[in-house]
Amino acid sequence: MKIAILGSGGREHALTFSISKSNKVKKIYCIPGNAGTSSIAENISIDINNFESVYEFLKKNNIDLVVVGPEDPLVNGIVDYLEKLNIRVFGPNKVASQLEGSKIFTKNLCKKYKIPTAEFGVFKNADESYNYINNAKHPLVIKADNLAAGKGVYICREKKESCLAVKEIFDGKFGTAKNILFEEFLEGEEMSYFIVSDGKTFKYFGSAQDHKRVGEGDKGKNTGGMGAYSPSRLFNKELEQKILEKIIKPTLKGINDLGTKYRGFLYAGLMIVNDEPFLIEYNVRMGDPECQTILPTLETDIIKIFQSCIDEKLNEIEIKWINKKSLCVVLCSKGYPDKYEKNIIINNFDKLNLNENNYLFHAGTQQQDNKIYANGGRVLNFISLSNTYGEAKKNIHENLKRLNWEKGFFRKDIGYKVIDK
Ligand code: AMP
Ligand code: GLY
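The sections below set out a description of the structure shown in this document.

About the thresholds
Just so you know, the residues in each chain are numbered from 1, in the order the chain's sequence is written. Lettering for chains starts from A, numbering for ligands starts from 1, and both go in the order in which the items are written. Confidence filtering applies because this is a predicted model: local features only for residues at pLDDT of at least 70, side-chain atom pairs given and counted only at 80 or more, and all residues used for totals across whole chains, interfaces and linings. The side-chain values count all of the structure's non-hydrogen atoms but skip hydrogen atoms and water molecules. Only the contacting stretch of a helix is used when fitting its axis, a line to C-alpha atoms as for every element, and angles between N-to-C directions run 0 to 180 degrees. The secondary structure listing takes helices from DSSP runs of H or I that are at least 4 residues long and strands from runs of E that are at least 2 residues long, numbered from the N terminus. Note on angle classes: values under 35 degrees are labelled roughly parallel, values over 145 roughly antiparallel, values of 65 to 115 roughly perpendicular, and the remainder oblique. In what follows, a contact means two residues having at least one pair of non-hydrogen atoms within 4.5 Å. Charged residues are taken to be Asp, Glu, Lys and Arg, nonpolar residues to be Ala, Val, Leu, Ile, Met, Phe, Trp, Tyr, Cys and Pro, and polar residues to be all remaining types, Gly included. For this description, a residue counts as near a given molecule or strand if any of its non-hydrogen atoms is within 4 Å of it. Throughout this description, a polar contact denotes any pair of N or O atoms lying within 3.5 Å of each other; where both atoms belong to protein, one of them has to be capable of donating a hydrogen while the other can accept it, and for residues adjacent in sequence the pair is counted only when both atoms sit in side chains. Surface accessibility follows the Shrake-Rupley procedure with a 1.4 Å probe radius. Residue values consider only the protein chains on display as shielding. Note on pairing: two strands pair once DSSP finds at least 2 bridges between them. When a residue's accessible area, from a 1.4 Å probe over protein chains only, is under 20% of the maximum for its type it is buried; when over 50% it is exposed; and in between it is partly exposed. Cysteine sulfur atoms are paired as a disulfide whenever they fall within 2.5 Å.

### Structural notes on the packing of helix H5 (residues 94-101) against helix H6 (residues 103-112)
Here is step 1: Orientation of H5 relative to H6, taken along the N-to-C sense of each, is 95 degrees, at an axis distance of 6 Å. By the angle between their axes, H5 is roughly perpendicular relative to H6. On H6, the residues touching Val-95, Gln-98, Leu-99 and Gly-101 of H5 are Lys-103, Phe-105, Thr-106 and Leu-109.
Here is step 2: Residues belonging to the contact of H5 with H6 are distributed by class as follows: four nonpolar, three polar and one charged.

This is the structure in structure tokens:
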């Protein structure tokens, strides 16, 4: 088979790696990919938000299956577009992708199907919002409705901060804002829970804990994700039962009631409060860096999973996992998530100890004349599988030392809740 993957991050390198292990696969294209994917696939430089150009390439190269990594093309309807042109594509359609594309869509679905989530209110302009803030309990969570690449969420400790958030959102910091979302602040511990669905049935696809803040001790600015570990320490069968019955099943029913189906990965961002799950947000794709953390523990051929989803036969297969702890540390360019330099050479790749328990997935990298340069904020993902998280961390730190990239930084405390000091 010939496969195409859309995207260029660590998640897409991990997907490409899993796909490359399938004996069904003859050729993989990454659109546009990164320096890491170019070692196992052919990178194709096309803008994935230009659906016509993507289709032209797929058609010309007789691609058998397309996997969409990031949310933007999904929310903008690439699956509907390609399916109409008879391309086999794995990912949710435009209606279903509103689960990530519009926070208000998801909140209204939660309300209708009694899915546990933070109490919320929606306002249409700044004046209504300021009125509300005057009497609101703080901390208060304020969100832009649209896709904001993980930004657009404010946790406000006092009125002044809330007013500033409202101003920034209605001033268009995250694109034109028709609405704004206010949420009650939930105090608990976060967990990422994943399923894969064919529209009729679904199966577990891992759990993880992500470290989103740039600083150690989960402090400082929000980022795309500085590291993760899987499975989440909160995960157990009893909690999973609650997540499935109270959150996942009613959500999939809600999508079915709209006359469509959810097909693809679904990522539930949860807050666990006193052993009870609350939905914080949905993403209609795998998480990044959760995907890099989870996929090395997948035993089943991923192509078999994609195909059975597209053919609505997911119930016929079993998804098997390697029973190990997985940890991922993200190496970033100094300055991230603010300003950082680009086009910085990275050496010493040949010194790394990579094998069936130790992986390297690229994110913001680019290859030129056999040399590898950093061109993004999150640059490399180091993953290790082991019987303990402590051992996995040790292996990762050894590899980071071998690479010794002086322009980079990483959080030294990833997994601190599951690793004894
Ligand atoms: P989101 O993009 O909606 O996932 O929000 C980004 C981050 O803000 C989440 O990962 C949480 O850490 C935090 N957050 C969002 N909503 C809430 C809430 N209602 N209560 C507490 N923290 C929240
Ligand atoms: N790890 C957070 C995300 O993928 O959105």
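### A short note on the site of ligand 2
Here is step 1: Around ligand 2, the structure places Asp-210, Lys-212, Gly-224, Tyr-267, Asn-283, Arg-285, Gly-287, Asp-288, Pro-289 and Glu-290.
Here is step 2: Asp-210 has a polar side-chain atom sitting 2.8 Å from a nitrogen atom of ligand 2.
Here is step 3: One of the backbone nitrogen or oxygen atoms of Asp-288 is found 2.9 Å away from an oxygen atom of ligand 2.
Here is step 4: Protein contacts shield 88% of the accessible area of ligand 2, which totals 190 Å² for the unbound molecule.

### Focus: the sheet that holds strand S3 (residues 42-43)
Here is step 1: Read across the sheet, five strands follow the order S3-S2-S1-S4-S5 without closing on themselves; strand pairing throughout is parallel. Two strands lie at the open edges of the sheet, namely S3 and strand S5 (89-90), each paired on one side alone.
Here is step 2: Here strand S2 (residues 27-32) runs beside S3; their pairing, made up of two bridges, is parallel. When the sheet's bridge partners are listed, Cys-30 is paired in S3 with Asn-43.
Here is step 3: Sitting on the sheet, helix H1 (residues 10-20) is in contact with strand S1 (2-7), S2 and strand S4 (65-68), with an inclination near 170 degrees to S1.

### What to know about the side chain of Asp-413
Here is step 1: Structurally, the position occupied by Asp-413 is in the segment after strand S23 (408-409).
Here is step 2: Classification of Asp-413 as buried rests on a relative accessible area of 12%.
Here is step 3: Among the polar contacts listed, one links the side chain of Asp-413 to the backbone nitrogen of Gly-217, at a separation of 2.6 Å.
Here is step 4: In contact with Asp-413, other than residues within four places in its own chain, are Glu-216, Gly-217, Asp-218 and Lys-393.

### Some remarks on the state of the cysteines
Here is step 1: Tallied over the entire structure, the rule returns zero disulfides.
Here is step 2: Distance from the sulfur of Cys-156, which forms no disulfide, to the nearest cysteine sulfur (Cys-163) is 8.9 Å.
Here is step 3: You can call Cys-156 buried: its relative accessible area is 1%.
Here is step 4: Unpaired in this structure, Cys-309 has its nearest cysteine sulfur neighbour in Cys-291, at a distance of 14 Å.
Here is step 5: According to the relative accessible area criterion, Cys-309 is buried, its value standing at 0%.

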